Amino acid sequence: MTDDRPDTGGDTRERLARVASGVSDAVRAAGRRPDEVTTIVVTKFHPASLVRELYDLGVRDVAENRHQEAQAKSAETADLEGLRWHFVGQLQSKKARQARRYAAAVHSLDRPSVVDALAVDDGRLLDVWVQVALSDEPGRGGAEPDEVEPLVERVLSSPGLRLRGVMAVAPLGRPARPAFARLRTVSERVRTLAPGADAISAGMSDDYADAVAEGATHLRIGAAITGSRPEPR
Ligand SMILES: *Cc1c(COP(=O)(O)O)cnc(C)c1O
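Peer 1: Which residues make up the overall build of the chain, and what are the values?
Peer 2: Along the chain, the regular secondary structure elements total 9 helices and 8 strands. Taking 2.2 N^0.38 as the reference for a compact globule, 233 residues should give roughly 17 Å; the C-alpha atoms of the chain span a radius of gyration of 17 Å, in line with that estimate. Here the C-alpha coordinates of the chain stretch approximately 45 × 40 × 35 Å along the principal axes. Sorting the 233 residues of the chain into buried and exposed places 51% on the buried side. Sequence separation of 24 or more characterises 59% of the internal contacts of the chain that already satisfy a separation of 6 or more.

Okay, structure coming up:
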């Protein structure tokens, strides 16, 4: 099941229900509690109207992976009370400060310049995750495992940031579960430095069950809930 393309049939309500039941099956199979796992819906390339539809269905956590799109969509949905935007894509340090204005969380800290750009002492705490590279494919983002600890130290000594934990994307074309197991090991190391940073952001439409089995606390699910994505613009 986990190696299949996501089933994107039905309407949004049906897809959301199907994923919710898939997540609860995975949680049960892993012997975990349902309240340990939060599903974030990745709405990239879909219009703001889909975000409204999801909100009406009870979704409160949504994610984008491009700054401009996130900025525009969050402005278009600013009236939706309690909606939280998660930024999960690669962030240029020039844009990081702007992301702070709309994002409740940034999952993709992978270098010191981004930490420094996001660290603003403005009286609120931005939730951040350190993104870990689980393969040597260039362009997928993430700090190498030996860069994670220095990055964690930097976050801990910066204003305006609350470290939640680690994030990763499974490598392409290889089994996800061993990669998520490695992420779990990195998470354990991070927790020796920052005991409260116990969140693990991992798992997408195709591999969320593996992520849940390896301790993920935040799933980032797109197509299986939103339906197939329109082409990027
Ligand atoms: C697009 C995206 C997702 C969701 O991917 P799906 O396969 O559509 O579930 C999750 N995380 C990141 C970083 C993404 O860019």
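Peer 1: Help me get a handle on the environment of A143, residues and values and all.
Peer 2: Along the polypeptide, A143 turns up in the loop between strand 5 (126-131) and helix 6 (145-156). The buried category is assigned to A143, whose relative accessible area is 0%. It is 9.9 Å that separates the C-alpha atoms of A143 and P112, two residues lying 31 residues apart in sequence. Excluding anything up to four places from it in sequence, A143 contacts D110, Q131, V132, A133, V148 and L151.

Peer 1: How would you sum up the pairing of strand 1 (residues 38-42)? Please name residues and give values.
Peer 2: Successive side chains on a regular strand alternate, one facing one side of the sheet and the next facing the other. Of the strand pairs in this sheet, strand 1 and strand 8 (residues 218-221) are connected by 4 bridges, and their pairing is parallel. In the strand pairing of strand 8, T38 is matched with H218. Pairing of strand 1 with strand 2 (residues 61-64), which is carried by 2 bridges, proceeds in the parallel orientation. When the bridges of strand 2 are listed, V41 appears paired with V62.

Peer 1: How would you sum up the pairing of strand 5? Please name residues and give values.
Peer 2: Of all 6 residues in strand 5, 6 are buried, a share of seventy percent or more. On strand 5, burial covers both faces: L126, V128 and V130 on one face and D127, W129 and Q131 on the other are all buried. In this sheet, strand 5 lies alongside strand 4 (residues 105-109) in parallel orientation, the contact comprising 3 bridges. Each residue of the ladder has a partner; that of L109, found in strand 5, is V130.

Peer 1: Account for the site of the ligand, naming residues and giving values.
Peer 2: Close to the ligand lie V42, K44, N65, V88, M204, S205, R220, I221, G222, A223 and R229, which account for all nearby residues. Taking K44, its side chain carries an N or O atom lying 2.8 Å from an oxygen atom of the ligand. Contact between the ligand and S205: an oxygen atom at 2.5 Å from a side-chain N or O atom of the residue. When isolated, the ligand has an accessible area of 390 Å², and the protein chains bury 90% of it. Of the residues contributing to the shell around the ligand, the split by class is 5 nonpolar, 3 polar and 3 charged.

Peer 1: Residues and numbers for a negative patch on the surface, please.
Peer 2: Together, D11, E14, E53 and D56 give the surface a local cluster of negative charge. The topology assignment puts D56 in helix 2 (residues 48-56).

Peer 1: Talk me through the packing of aromatic side chains; I want residue IDs and the actual numbers.
Peer 2: Scanning all chains against the criterion turns up 0 aromatic pairs. Above the face of the Y55 ring, R60 is positioned so that its terminal group lies 3.7 Å from the ring centre.

Peer 1: I'd like a rundown of the packing of helix 3 (residues 67-76) against helix 4 (residues 93-102), residues and numbers included.
Peer 2: Two numbers describe how helix 3 lies on helix 4: the axes approach to 10 Å, and their chain directions differ by 25 degrees. As summarised for this structure, helix 3 and helix 4 are arranged roughly parallel, according to the angle between their axes. Here helix 3 runs over helix 4; the crossing is left-handed. Where helix 3 approaches helix 4, its residues H67, A70, Q71 and S74 are matched on the opposing element by K95, Q98, A99 and Y102.

Definitions and cut-offs
- Residues numbered from 1 in each chain as written.
- Predicted model: local features only at pLDDT ≥ 70, side-chain atom pairs only at ≥ 80, totals over all residues.
- Heavy atoms only, no water.
- Helix = DSSP H or I, 4+ residues; strand = E, 2+ residues; numbered from the N terminus.
- Rg over C-alpha atoms; globule rule 2.2 N^0.38 Å.
- Buried < 20%, exposed > 50% of the residue type's maximum accessible area, 1.4 Å probe, protein only.
- Contact = heavy atoms within 4.5 Å.
- Pairing = 2+ DSSP bridges.
- Near = heavy atom within 4 Å.
- Polar contact = N/O pair within 3.5 Å; in protein donor to acceptor, adjacent residues only side chain to side chain.
- Areas by Shrake-Rupley, 256 points an atom, 1.4 Å probe, with all protein chains shown as cover.
- Nonpolar A, V, L, I, M, F, W, Y, C, P; charged D, E, K, R; others polar.
- Patch = residues over 30% accessible without salt bridge, like charges linked within 9 Å, V, L, I, M, F, W, Y side chains within 5 Å.
- Salt bridge = Lys/Arg side-chain N within 4 Å of Asp/Glu carboxyl O.
- Lys, Arg positive; Asp, Glu negative; His and termini not counted.
- Charge placed at Lys NZ, Arg CZ, Asp CG, Glu CD.
- Phe/Tyr/Trp six-rings, centres within 6.5 Å; stacked < 30°, edge-to-face > 60°.
- Lys NZ or Arg CZ within 6 Å of the ring centre and 35° of its normal.
- Axes fitted to C-alpha atoms, helices over the stretch in contact; angles between N-to-C directions.
- Parallel < 35°, antiparallel > 145°, perpendicular 65-115°, else oblique.
- Left-handed = near helix turned anticlockwise from the far one by under 90°.

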